[in-house]
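# Chains, contacts and geometry: an overview
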Amino acid sequence: MPQLNPEFFVSQLFWLAVFFAFLFVFLWRVSLPRIATVLEKRQNKIDENLSSAKELQEQAMEIEKKINDQINRAKLETDEKIKETINALQEDVSSQLSSLDKDLEKKVSDAEKEILKSKDDQMKNINNEIANITKLTVGKITDIELSDNEINKVIETHKGSFN
Amino acid sequence: MAAKDSPLKQFEIDPISNIELGGYNISFTNSSFAMLITVLVITLFLTLTVNTRSIIPSRMQLISELMYNFIAQLLSDTVGDNGKKYFPFVFSLFMFVLIGNMVGMIPYQFTFTSHIIVTFALAAVVFIGVTILGFINHGIKFFTFFYIPGVPFYMHPLLIPIEVISYLSRPISLSVRLFANMLAGHTLLKVFAGFVVSMPFFTGVFPLAFIVALTGLEILIAFLQAYVFAILTCLYINDAYHLH
């Protein structure tokens, strides 16, 4: 077996030492720090991105909260305005209704007064007519000239019966 | 032993240029050449793919990062925060064994991890380093590593020698595991390759198909052995920090 031939043991060990030592030093000083830098750089970048993403998310949440607040406030304001408008309208309507009622009442009372007045006038006319008719009738029948006062007196006393 | 057609011929070392230093033969051999290729592949790959240092990695850069994270994860899982210091060493060890095995999978290419002297040297570095580390961390108390608490006292005369022997056999088991796997796999491939040539007519396709499947398995083993070597190193480092 060539492996057990000690002829080249020293040569093998020597070159192994040379090459392995070179490899070790080279990797330790050059290659591995290089890879480590890249990995570190990438990790930093990832961390940075993550933290900025987190920040942005927080900002977004804040903005969303603001929007919600504003929406709520707007809703409340709208509700209040609607209520106010309804109240104002109701007041307006009721005041208009009441003024209308007053108007109507006034008109009714005016009409009543007018009716009463015209009734009175009519009654006066009727009284005059009655007095005239009575004067004429009595004059025609009895030749007695009745004075207006007498006739009116009689009519006044009997007024209740045909009023 | 190494006849012309022997499956073990592939493990023979041929000097490329003869060098002698202080009376020792340190010839640059095919084994040294495989190590050179391995080191070049690792250093060039890890350097060039991460050259742009881009945050969004290219596919090749991703491979380098995957290897980095693979060993970093392994080390932090087994040793914890103490392990960070040993990351360059464990990473170098893993890459050296892994690419050494992979370079060996190229046909006609020498596999230096199939030589016990190489694997033993690597295991010895780990063993001696871990032992020194244990004494640095715990001083003389490191010997209590062999004392298992919670065992009846009369068992200790039996258990302490077992613990000592198992501790001392670590470099042997670590190196023989890798060496034997590589040796067996490459020998098997060579034996079946011999069948492809020697079997009559078209029947040679059967060992050929077997070789194709076995090559896949060998690549898996090449990775697995590098992983085992790295994870055991991590566990030994952990032992140097945490006694029983």
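Heads up: the structure comes first, above all this text.
Structural notes, computed from the coordinates. Values in this document were obtained by computation on a predicted structure and should not be read as measured data. (Residues numbered from 1 in each chain as written. Chains lettered and ligands numbered in written order. Predicted model: local features only at pLDDT ≥ 70, side-chain atom pairs only at ≥ 80, totals over all residues.)

On a plain count of helices and strands, chain A comes out with two helices and zero strands. For a compact globule of 163 residues, the expected C-alpha radius of gyration is about 15 Å, and chain A comes in at 62 Å, more than 25% above that figure. In terms of its C-alpha atoms, chain A occupies a principal-axis envelope of roughly 195 × 30 × 20 Å. Out of the 163 residues belonging to chain A, those deemed buried represent 8%. (Helix = DSSP H or I, 4+ residues; strand = E, 2+ residues; numbered from the N terminus. Rg over C-alpha atoms; globule rule 2.2 N^0.38 Å. Buried ≥ 20, exposed ≤ 12 C-beta atoms within 10 Å, placed from the backbone.)

A few words now on the interface of chain B and chain A. Taken residue by residue, the interface counts 37 residues in chain B and 31 residues in chain A. For the side of chain B that touches chain A, the elements supplying multiple residues, two or more each, are strand 3 (24–25), strand 4 (28–29), helix 1 (30–48), helix 2 (59–78), helix 3 (87–104) and helix 4 (116–138) of chain B. The biggest single contributor to the side of chain B that touches chain A is helix 1 of chain B, with nine residues. Of the residues that constitute the side of chain B that touches chain A, the class distribution is 24 nonpolar, 10 polar and three charged. (Contact = placed C-beta atoms within 7 Å. Nonpolar A, V, L, I, M, F, W, Y, C, P; charged D, E, K, R; others polar.)

All names here are of chain B. Closest axis-to-axis distance for the helix 4/helix 7 (residues 205–241) pair is 8 Å, and the angle between their directions is 20°. In terms of orientation, helix 4 and helix 7 fall into the roughly parallel class. For the pair helix 4 and helix 7, the crossing hand works out as right-handed. Contacts between helix 4 and helix 7 involve V126, V130, L133, G134 and N137 from the former and T233, Y236, I237, A240 and Y241 from the latter. (Axes fitted to C-alpha atoms, helices over the stretch in contact; angles between N-to-C directions. Parallel < 35°, antiparallel > 145°, perpendicular 65-115°, else oblique. Left-handed = near helix turned anticlockwise from the far one by under 90°.)

Moving on, we get to unusual backbone geometry. All names here are of chain B. A positive phi angle, close to 70°, is found at Y108, a residue other than glycine. Position of Y108 among the secondary structure elements: in the loop between helix 3 and helix 4. Its 6 C-beta neighbours within 10 Å are what place Y108 among the exposed residues. One non-glycine residue, F201, lies in positive phi territory at about 50°. Here F201 shows up in the loop between helix 6 (170–198) and helix 7. Overall, the presence of 6 C-beta atoms within 10 Å leaves F201 in the exposed class.

For the rest of this paragraph, the subject is helix 7 of chain B. Residue and element names in this part refer to chain B. In a regular helix each residue adds 1.5 Å, so 37 residues correspond to 54 Å; helix 7 covers 54 Å between its end C-alpha atoms and thus fits that length. Residues of helix 7 that are buried include every one of E218, A222, Q225, A226, F229, A230, T233, C234, Y236, I237 and A240, and no others. Elements in contact with the buried residues of helix 7: helix 2, helix 3, helix 4 and helix 6. (Expected span 1.5 Å × (residues − 1).)

This paragraph deals with the nonpolar core. Residues and elements named next belong to chain B. Formed by 54 residues in total, the largest nonpolar core has its most connected members in I71, V90, F91, L93, F94, V97 and A230. The element that contributes the greatest number of residues to this core is helix 3, accounting for 11 residues. Among residues more than four places away in sequence, those in contact with F94 are I71, A226 and A230. (Core = buried A, V, L, I, M, F, W, Y, C linked by C-beta atoms within 7 Å.)

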